[in-house]
Amino acid sequence: MKAISIQVSVLRRMRNNEHVEFFANIDDITVNNEASIPEVMPQVKVLQKVYKDEDDIYKRDAKAMETKYISGAHRSRRGAFMLLKRSIDAARYSDEPEHVEAVVRLNEVLHNYRSIPSAPMFETSALIRNMLEDLRKQRYDEAVKVLKLSSDVDKLEEKNEEFRAIYAERTHSTEVSEIKGTMGGIRPKVDRAFVNLLEAVNTYYTFNKLSGKIDQVNPYYSVIVLIDGFIEQAKRIYDRRTPGAYTSKPNKPGGSEDEDTETPVDSVPVLAVSSQEIKGSWSMLLVMADQKAFEEALYPDALHGTLVLSSPTVNDYPDFPIEEFEVKGGRPIGLVVSPPKGDLTFDRPLYSMGLATGDVIKDDKLLAVITGIEWPASTGGLREE
């Protein structure tokens, strides 16, 4: 007998965008068949309500001033700082005595704020504002004018204020998230409503079947076929990321009954991070809690693979190349990864954008899942040694 069979794990494995798109398709199915399946409309209405909440949260998160926008603004103001600094440095080679004297004065200010290139984002704002206040004192303002750097100082202020505005917007977005909810909070509610709907659909399909309705005139049969199609599609998407994750016997219309089976195979090791640090602008270390399990699962197979992060709260570049293993006492203890793009560098010290889970992938195969990772902020390629 035809019935929908689904493990909740299929829903949990979807990424946020996949989850929203999946339920957009389910919503279309229920709307298009609303007149022919009145018995399950209470369950449909519940699912539609929580899915609308999820869709609103997802769209809000997508439009919010998130990590990549903050990182871009931070990169821009650091660029403005470095331009000012290097213009001052270049002026010391002038043969004009007043230029050299101006450099000496301005280096007093630069020395006091030398931590700006490496300071965490939220601390940098205050440092730059304080530095600008100092530069506008008479002693230093005269030196700025001698070197014709007033426009560079104004540009630094402009870029710093742009960052502060974006950061304030993101803070407001976070407060709104706490009120309206997050993807991590709404997705289980949608999943539960969906499972309740499936149970109702299966029940009324069976009732109609036992009452003598053949599949061709049983409205729940066509709904089951449509929903089954999207479930199988979701499995295929996950299987492309994780080859061998499922073996299944698809139950096609007209096929034999009770063929809806799903068997997970090749269980994937789950590892936990015990510590995490930014070792350099292009290097981050993840030390594992169970180092024996880590060695058995990933050493040396994961070398030159990719750590793919996912999080219900962070939208950023997720792919972190695995460069090497951290070895201590002759045993591997953790992974060393580089930033997700060649023109990005890690912020130092570690500035967490939120908690994440990482898939370790090599040659399109999932080797392990790592939990407890802090999603690191990254900015442009400027680095102050």
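Not measured: the values here are computed from a predicted model.

## Some details on the packing of aromatic side chains
- Considering all chains together, one arrives at eight aromatic pairs under this definition.
- Between Tyr204 and Tyr220, the ring centres sit 5.9 Å apart and the planes meet at 25°, which makes this aromatic pair stacked. Pair noted here: Tyr204 is in helix H9 (residues 183-210) and Tyr220 is in helix H10 (residues 219-241), with a separation of 16 residues, a long-range link.
- Residue Tyr204 is classed as partly exposed on the basis of its relative accessible area, which comes to 29%.
- Tyr220 gets classed as buried once you look at its relative accessible area, which sits at 1%.
- A ring pair is formed by Phe320 and Phe346, whose centres lie 6.3 Å apart and whose planes are at 0°; its orientation type is stacked. Here Phe320 is found in strand S6 (residues 319-328), whereas its partner Phe346 is found in strand S8 (residues 344-346), with 26 residues between them in sequence.

## What to know about the packing of helix H2 (residues 16-32) against H9
- Look at H2 against H9: their axes get within 12 Å of each other, and the N-to-C directions meet at 35°. When you trace H2 past H9, the crossing you get is left-handed. Touching Asn16, His19, Val20, Phe22, Phe23, Ile26 and Thr30 of H2 are Met183, Arg187, Val190, Asp191, Phe194 and Leu197, all from H9.
- When the residues that make up the contact of H2 with H9 are grouped by side-chain class, the tally is eight nonpolar, three polar and two charged.

## A short note on the packing of helix H5 (residues 97-112) against helix H7 (residues 138-146)
- Packing of H5 against H7 brings their axes to within 9 Å, and their N-to-C directions diverge by 130°. Considering the angle they form, H5 stands oblique to H7. The two elements H5 and H7 cross, and the hand of that crossing is left-handed. Every residue of H7 that contacts H5 at Glu98, His99, Ala102, Arg105, Leu106, Glu108 and Val109 is listed here: Arg139, Tyr140, Glu142, Ala143, Val144 and Val146.

## What to know about the nonpolar core
- By size, the foremost hydrophobic cluster in this structure holds 34 residues, and its most contacted members are Leu271, Met288, Leu298, Leu307, Leu335, Val360 and Ile370.
- Among the elements that line this core, the one with the most residues is strand S10 (residues 365-376), at five residues.
- The contact partners of Met288, leaving out residues within four places of it in the chain, are Leu271, Ala272, Val273, Ser274, Phe294, Ile333, Gly334, Leu335 and Ile370.
- Listed in part, the 33 residues of the second largest apolar core include Met14, Val190, Leu198 and Ala234.

## Comments concerning the sheet that holds strand S5 (residues 306-310)
- With mixed pairing, the seven strands of this closed barrel are ordered in space as S3-S4-S7-S6-S5-S9-S10. The mean inter-strand angle of the sheet, taken between neighbouring strand axes irrespective of direction, is 40°.
- Note: strand S9 (residues 352-362) against S10, eight bridges, orientation antiparallel. Note on S10: the bridge partner recorded for Gly358 is Ile370.
- Those strands touched by helix H11 (residues 291-298) are strand S3 (270-280), strand S4 (283-288), S6, strand S7 (331-337), S9 and S10, and its axis lies near 70° from that of S7.

## Observations concerning helix H6 (residues 121-135)
- Taking 1.5 Å of rise per residue, the 15 residues of H6 would be expected to cover 21 Å, and the 21 Å separating its terminal C-alpha atoms lies within 8% of that figure.
- Along H6, the residues that are buried comprise Met121, Thr124, Ser125, Ile128, Met131, Leu132, Asp134 and Leu135.

## Points about H2
- Here H2 is 17 residues long and its end C-alpha atoms lie 25 Å apart, about the 24 Å a rise of 1.5 Å per residue gives.
- Within the span of H2, buried status applies to Asn16, Glu18, His19, Val20, Phe22, Phe23, Asn25, Ile26, Ile29 and Thr30.

## Description of the pattern of salt bridges
- Applying the stated criterion to the full structure yields 18 salt bridges.
- In this structure, Arg105 engages Glu101 in a salt bridge whose closest nitrogen and oxygen atoms are separated by 3.4 Å. Here Glu101 and Arg105 lie together in helix H5, a separation of four residues that amounts to about one turn.
- Taking relative accessible area as the criterion, Glu101 reaches 38% and is therefore assigned partly exposed.
- Between Asp134 and Lys137 there is a salt bridge, and its shortest N-O distance comes to 3.2 Å.

Scoring rules and cut-offs
Residues numbered from 1 in each chain as written. Predicted model: local features only at pLDDT ≥ 70, side-chain atom pairs only at ≥ 80, totals over all residues. Heavy atoms only, no water. Phe/Tyr/Trp six-rings, centres within 6.5 Å; stacked < 30°, edge-to-face > 60°. Helix = DSSP H or I, 4+ residues; strand = E, 2+ residues; numbered from the N terminus. Buried < 20%, exposed > 50% of the residue type's maximum accessible area, 1.4 Å probe, protein only. Axes fitted to C-alpha atoms, helices over the stretch in contact; angles between N-to-C directions. Left-handed = near helix turned anticlockwise from the far one by under 90°. Contact = heavy atoms within 4.5 Å. Nonpolar A, V, L, I, M, F, W, Y, C, P; charged D, E, K, R; others polar. Parallel < 35°, antiparallel > 145°, perpendicular 65-115°, else oblique. Core = buried A, V, L, I, M, F, W, Y, C linked by side-chain atoms within 4.5 Å. Pairing = 2+ DSSP bridges. Expected span 1.5 Å × (residues − 1). Salt bridge = Lys/Arg side-chain N within 4 Å of Asp/Glu carboxyl O.

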